[in-house]
Amino acid sequence: MKKIILLVILGVFTFSLYGQEYIVPKNVKFENKEDYAASEPQVKETIDWMLVTSLGKEPNKRTEANAFLMMWLTGTPNVSINVNTDLLPFVKKSPELLMPFIAGCVRYSLDNNYSKDDVQINKAGIETIVAFYRNNRGYLKKDDSIEKYEKLMGKGKLEEDISKRIEKTKKK
């Protein structure tokens, strides 16, 4: 009986989340630090929509959402992410995965007091990509590098791998 009640509550909660139509912010002006901070709830909403909406749905809206996120990210003084390209071999085969990676990085920084921890930020981006890849397999090519990350996550070794790669890049 408890399971049924839990499923009903979960179903209602999920339906209420999806029942709200996401609208890409338009005509947003970022003129000062406060404008960027005030837009953070919209940025989080954009990220959430990008990550739950499959690649096959609403491609024009996805393009607009990507543009809004990048416009915000390139100007905000509070969030900065250092993308280590050695961690992104999957972008060559599936360039559409770059934005979910960035979205995961941004979300981590926002949710963790504007974290600047490169390892944790990149880890969040990779974890986001693995989940996004799983949910969009019908739209994406098979990618061994993402599946390797999935295995590392399962073994609890993703953070160690990312840390080593970042350190290796710093030494170059």
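Presented here is an overview of the structure given in this document. Every value quoted in this text rests on a predicted model; they were computed, and no experiment measured them.

Turning next to the packing of aromatic side chains. Counted by the stated rule, this structure contains 3 aromatic pairs. With a centroid separation of 5.2 Å and 20 degrees between ring planes, the pair formed by Y22 and W49 is classed as stacked. In this pair, Y22 sits in the loop between α1 (2-19) and α2 (33-38) while W49 sits in helix α3 (residues 40-52), placing the two residues 27 residues apart along the sequence. Across the pair, W49 and Y22 agree in class, each one buried. Centroid distance F30 to F68: 6.4 Å. Interplanar angle 35 degrees. Geometry classified as tilted. Residue F30 is located in the loop between α1 and α2, and its partner F68 is located in helix α4 (residues 59-75); the two are separated by 38 residues in the primary sequence. You'll find F30 and F68 in the same group, each marked buried. In this structure an aromatic cluster arises from ring pairing among F30, Y36 and F68.

For the rest of this paragraph, the subject is the side chain of S54. Topologically, S54 is positioned in the loop between α3 and α4. Classification of S54 by relative accessible area gives buried; the value is 15%. Leaving out residues up to four positions away in the same chain, S54 has contacts with R62, N136 and Y139.

What follows is about the side chain of N136. In this fold, N136 is placed in the loop between α7 (118-135) and α8 (144-155). The class of N136 is buried, set by a relative accessible area of 2%. Within the structure, N136 has its side chain in polar contact with the backbone nitrogen of L55 (distance 2.8 Å). Here N136 is in contact with S54 and L55, once residues within four sequence places are set aside.

This part takes up helix α9 (residues 158-171). A rise of 1.5 Å per residue sets the reference length of α9, with its 14 residues, at 20 Å; its end C-alpha atoms lie 20 Å apart and thus fit the reference within 8%. Lining the buried residues of α9 we find α7 and α8.

Attention now goes to the packing of α7 against α9. As a packed pair, α7 and α9 sit with axes 9 Å apart at the nearest point and diverge in direction by 125 degrees. Looking at the two axes, α7 sits oblique to α9. Note on packing geometry: the crossing formed by α7 with α9 is right-handed. Along the contact surface, α7 presents D118, V119, Q120, N122, K123, I126 and E127, while α9 presents L158, E159, I162, S163 and I166.

Calculation notes
- Residues numbered from 1 in each chain as written.
- Predicted model: local features only at pLDDT ≥ 70, side-chain atom pairs only at ≥ 80, totals over all residues.
- Heavy atoms only, no water.
- Phe/Tyr/Trp six-rings, centres within 6.5 Å; stacked < 30°, edge-to-face > 60°.
- Helix = DSSP H or I, 4+ residues; strand = E, 2+ residues; numbered from the N terminus.
- Buried < 20%, exposed > 50% of the residue type's maximum accessible area, 1.4 Å probe, protein only.
- Contact = heavy atoms within 4.5 Å.
- Polar contact = N/O pair within 3.5 Å; in protein donor to acceptor, adjacent residues only side chain to side chain.
- Expected span 1.5 Å × (residues − 1).
- Axes fitted to C-alpha atoms, helices over the stretch in contact; angles between N-to-C directions.
- Parallel < 35°, antiparallel > 145°, perpendicular 65-115°, else oblique.
- Left-handed = near helix turned anticlockwise from the far one by under 90°.

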